[in-house]
Amino acid sequence: MKTISENRCFGGTQGVYSHSSTATGTEMTFGLFLPEEAQHAPVPTLWYLSGLTCTHENAMTKAAAQGWAAEQGIALVFPDTSPRGEGVADDPAYDLGQGAGFYLDATADPWAPHFQMETYIMQDLPTLITDHFAVDPDRHAITGHSMGGHGALTLAMKNPGRFKSVSAFSPICHPSASDWGRKQFQAYLGSEEAGKAHDATLLMRENGLDAPILIDTGTADQFGDLLGTEHLAGAIAARRQPAQIRLQDGYDHSYFFVSTFIEDHVAFHAEALYS
């Protein structure tokens, strides 16, 4: 593991690190905020999964999460959204390839050799962080924005007991019925049908979730027709799943929206992590 930078931040440390990933077969970069409490004992961790076109840096610098995490004594992990580098498959479109990993393990060429983002998020990076930093291996929560919200919801539902709480900002809720999903499932998995195993609405219908959920979506979200919020809401209602889905009046899909409500999300996760 290499240290790219470390900066004092709200009494703790905001670091950026890189490492050779066994999951992706590439060098991966991630951000990690550790609150002051991590100097004395392991702290719980909130994972933040970013959206299309983002790197580890976008949420780290725009979501305004560190101050609230410091107040609650929580670490923040900001992974990258895909493998990158020479020899890694890519596509000219913004919503496929590098920057658009969709938090799944690809099975179809040319993506399969490196696009193993589910394994990276669920196994590779947690092991590295637990081995090198003062984080509690048993207390994790997860959130995400857009494609990252899709990742947060689906990874939590596919791994019962792993996360104490789950939240999302403008998540892609029903990707198998959306242009943000069908295209990617066809490419990464070889068929749209295979993508149904990575669809939050369908997973909710089948399995539910053993953790509380908080979702915020703006009523002025310019990508609202791609998100499918109403489908997930229907599945949650049918299953009687404990959840809050809040439609925030006038807010769009941007980090201005995320930063406005990040305090609520950090507090929501802190309650679950420390209960």
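In this convention, every chain numbers its residues from 1, walking through the sequence in written order. Side-chain atom pairs in this predicted model are given and counted only at pLDDT of 80 or more, local residue features only at pLDDT of at least 70, and totals for whole chains, interfaces and linings cover all residues. Remark: hydrogens and water are excluded; side-chain values derive from all non-hydrogen atoms of the structure.

Q: What's the story with unusual backbone geometry in this structure? I'm lost.
A: Leaving glycine out, the prevailing phi sign among residues is negative, and the prevailing peptide bond configuration is trans. Along the chain, aspartate 109 connects to proline 110 via a cis peptide bond; the corresponding omega equals 0 degrees. Under the scheme used here, helices are H or I runs from DSSP no shorter than 4 residues and strands are E runs no shorter than 2 residues, and both carry numbers assigned from the N terminus. As for its placement among the helices and strands, proline 110 is situated in the loop between β5 (75-79) and α3 (117-132). Phi at tyrosine 103 takes a positive value of approximately 55 degrees, unusual for a residue other than glycine. The phi dihedral of serine 146 falls on the positive side, at around 60 degrees, and the residue is not glycine. Mapping serine 146 onto the fold places it in the loop between β6 (135-144) and α4 (147-158). Using a 1.4 Å probe on the protein chains alone, a residue whose accessible area is under 20% of its type maximum counts as buried, one over 50% counts as exposed, and one in between counts as partly exposed. Residue classification places serine 146 among the buried residues on the basis of a relative accessible area of 4%.

Q: In this structure, what is going on with the nonpolar core? I would like to understand it.
A: The tendency in soluble globular proteins is for nonpolar side chains to be buried as a group. Nonpolar cores were defined as sets of buried Ala, Val, Leu, Ile, Met, Phe, Trp, Tyr and Cys residues, with membership established by side-chain atoms within 4.5 Å. Grouped together as the largest cluster of nonpolar side chains are 61 residues, with contacts concentrated most on Phe30, Val166 and Tyr188. Broken down by element, the residue count for this core peaks at 7 residues, all from α3. Note on contacts: a residue pair qualifies if any of its non-hydrogen atoms lie within 4.5 Å across the two residues. Filtering out sequence-adjacent residues up to four positions away, valine 166 remains in contact with Ile142, Ala152, Leu153, Ala156, Leu209, Ala211, Pro212, Ile213, Leu214, Phe268 and His269. In terms of nonpolar packing, the next biggest core, distinct from the first, is built from 25 residues, Cys54, Ala70, Ile74 and Ile262 among them.

Q: What's the story with the environment of glutamate 118 in this structure? I'm lost.
A: Here glutamate 118 lies in helix α3. Spatially, the C-alpha atoms of glutamate 118 and tyrosine 103 are 5.0 Å apart, while their sequence positions differ by 15 residues. Setting aside anything within four residues of it in sequence, one finds glutamate 118 in contact with Tyr103, Leu104, Asp105, Gln123, Leu155, Lys158, Asn159 and His198.

Q: Sorry if this is basic, but what is going on with the pairing of strand β2 (residues 12-20) here?
A: For a regular strand, the rule is simple: side chains alternate between the two faces of the sheet. Counted residue by residue, β2 has 7 buried out of 9 residues, so it is predominantly covered. At least two DSSP bridges between two strands are required for those strands to pair. The sheet contact formed by strand β1 (residues 2-9) and β2 spans 7 bridges and is antiparallel. If you follow serine 5 over to β2, its bridge partner there is valine 16. The turn linking β1 back onto β2 is made up of 2 residues, and phenylalanine 10 within it adopts a positive phi angle of 50 degrees. In this sheet, strand β3 (residues 27-34) lies alongside β2 in antiparallel orientation, the contact comprising 8 bridges. Residue pairing in the sheet places glycine 15 in a bridge with leucine 32 of β3.

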